[in-house]
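Structural overview
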Amino acid sequence: MPWTRSDELLDELEERLVEVRRDLHKYPELGFEEHRTQALLRAWLQEFGYEPRDCAGTGLVADLEPETGSQLPAIALRADIDALPIQEVSDLPYRSEHAGVAHKCGHDGHAAVMLGVAAALASMRGQLSRRVRLLFQPAEEGVKGGGGQVMVAEGALEGVSEVYGMHNWPGFPFGELRIAPGPVMAEEHTILLRLDGKGGHASQPQTCRDPVAAIAQMVTALNSITSRGMGHVGGAVLSISCIQAGDTHNVIPGFASLEGTLRCFDENLRDRLLERVREVVAGVASAMQVEADLQLERGFPILHNDKACAEHVRVAAERRLGADRVSAEGLPLVASEDFSYLAQAVPGAYFFMGAGREGRETPSCHHPEFDFDDELIPIAARVFLEVVRERCP
Ligand SMILES: [Zn+2]
Ligand SMILES: [Zn+2]
């Protein structure tokens, strides 16, 4: 059966895939709580002859063996499946039924894309020269840690030599694919700082050690680490996004706190930046006579695309979409993603499918009005299938 048959299959399934996507959208579940989602995905995979096994609690691993035995190691394709703790703002007929939870990153769409890939591949077993493993990963949003790390720890990539993943991206034009070798998404550290001084009457600051004045100095000093100290090397970004201090106009409070984020694309630079944050906090706290309690919480690591894997995606995508729709423009992105754990375990590549519509504003991922663009389902599925084809010589 020729590979073109997979196109016909996807055409036949398109309506059903949109239905599944909207069903997932209507009943979103947070990380490690994707029980209904998992049951729905399992039923679909079983319908197409897979025997999926549970992984990372609410995730699934489904293998497709080639018809003829193969010595080649497996390749894995990964979709994330969790929703976000966001209240949906929408009058869509399939809007979220779960208060405060919604698919605002498009993982409902990613799951539907992978179901399309699963169905098409199942009828292409005769064309495969290696096992293909489909990964449905819970908890990408990091609400309770990353599911990608748990899946790797539970052996989801054993016997796998390459892994591929995808994210829809409204910031790129619809139907365009973005891929690059090297770092494509950032490592994130959350900065949590509390300053303890000595409160008192606002008319007598000389009797106090003012944490409000200290926190103001702290914001300026921290912001200057990247803007004054690092230039554009490694694409470092530091933002202080939250300050809390005091309750009223005539009382100097006893403490103040701030939160922020630090992101970059280079491990050496990351170490230097963290060192500078510690130095600046200690220095300003000392100068302003307050005690500092600094916590730096590490988020997902830098996502590095393997050079050869990124090239496979580029070649496959150019064949499917045309060379004018494939580029590295706009990469790397300063967002972060726990596919990085998978790409640390085996060589991998992560690509972005543009979802931005011309002439109208497309809400970004995590925006309360965001909704996955259903027309991306067959396009992204075809790219994944073409990557498999590229890797099944
Ligand atoms: Zn997200
Ligand atoms: Zn996402």
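Quantities reported herein were computed from a predicted structural model and do not represent experimental measurements. (Residues numbered from 1 in each chain as written. Chains lettered and ligands numbered in written order. Predicted model: local features only at pLDDT ≥ 70, side-chain atom pairs only at ≥ 80, totals over all residues. Heavy atoms only, no water.)

At their nearest, the axes of helix 2 (residues 35-47) and helix 3 (residues 107-122) sit 9 Å apart, and the two run at 15 degrees to each other. Comparing their axes, helix 3 and helix 2 come out roughly parallel. Both helix 2 and helix 3 take part in a crossing whose hand is right-handed. Mapping the contact onto sequence places L41, W44 and L45 in helix 2 and A111, L115, A118 and A119 in helix 3. Among the residues forming the contact of helix 2 with helix 3, the class breakdown is 7 nonpolar, no polar and no charged. (Axes fitted to C-alpha atoms, helices over the stretch in contact; angles between N-to-C directions. Helix = DSSP H or I, 4+ residues; strand = E, 2+ residues; numbered from the N terminus. Parallel < 35°, antiparallel > 145°, perpendicular 65-115°, else oblique. Left-handed = near helix turned anticlockwise from the far one by under 90°. Contact = heavy atoms within 4.5 Å. Nonpolar A, V, L, I, M, F, W, Y, C, P; charged D, E, K, R; others polar.)

Tallied over the full model, the rule gives 37 salt bridges. Between R133 and D63 there is a salt bridge, with the nearest N and O atoms lying 2.7 Å from each other. One end of the pair, R133, is in strand 4 (residues 132-137); the other, D63, is in strand 2 (residues 59-64), with 70 residues separating them in the sequence. Looking at D63, the relative accessible area reads 27%, which means it is partly exposed. The residue E275 makes a salt bridge to R272 at a minimum N-O spacing of 3.3 Å. With E275 and R272 both in helix 6 (residues 267-288) and 3 residues apart, this pair spans about one turn of that helix. R272 gets classed as partly exposed once you look at its relative accessible area, which sits at 38%. Taken together, the shared-partner salt bridges connect D7, D11, R319, R320, R382, E386, R389 and E390 into one network. (Salt bridge = Lys/Arg side-chain N within 4 Å of Asp/Glu carboxyl O. Buried < 20%, exposed > 50% of the residue type's maximum accessible area, 1.4 Å probe, protein only.)

The zinc ion (ligand 2) binds to the protein through C105 (SG), H107 (NE2) and H167 (NE2), with metal-donor distances spanning 2.0 to 2.3 Å. As a motif over one chain, the donors of the zinc ion (ligand 2) read C-x1-H-x59-H. Metal-to-metal, the separation of the zinc ion (ligand 2) and the zinc ion (ligand 1) is 3.1 Å; C105 coordinates the two. With H107 in helix 3 and H167 in strand 5 (residues 160-173), the pair connects residues that are 60 residues apart, well separated along the chain. When sorted by exposure, H107 lands in the same class as H167, which is buried. (Donors = N, O, S within 2.8 Å, 3.2 Å for Na, K, Ca; no water.)

Turning our eyes to something else, we now look at the pairing of strand 5. With 11 of its 14 residues buried, strand 5 lies for the most part within the structure. As judged from the 8 bridges shared by strand 5 and strand 16 (residues 348-356), these two strands associate in the parallel manner. In the strand pairing of strand 16, G165 is matched with Y350. (Pairing = 2+ DSSP bridges.)

Okay, the domain arrangement of the protein next. Per the domain assignment, the segments making up the protein are domain 1 (4-185 + 303-390) and domain 2 (187-298). In this structure, domain 1 and domain 2 have C-alpha centres spaced 38 Å apart. Across the contact, 9 residues belong to domain 1 and 6 residues belong to domain 2. At the boundary of domain 1 with domain 2, total buried surface from both sides reaches about 580 Å², with 60% on carbon and sulfur atoms. Counting the surface domain 1 buries against domain 2, the share from its top three residues, H304, V334 and S336, is 63%. Inspection of the domain 1/domain 2 interface yields 2 residue pairs in polar contact (both at pLDDT 80 or more). Ranked by residue count, the leading element in the side of domain 1 that touches domain 2 is strand 7 (residues 182-185), at 3 residues. (Domains from an automatic or database assignment. Buried area = accessible area lost by both parts, 1.4 Å probe. Polar contact = N/O pair within 3.5 Å; in protein donor to acceptor, adjacent residues only side chain to side chain.)

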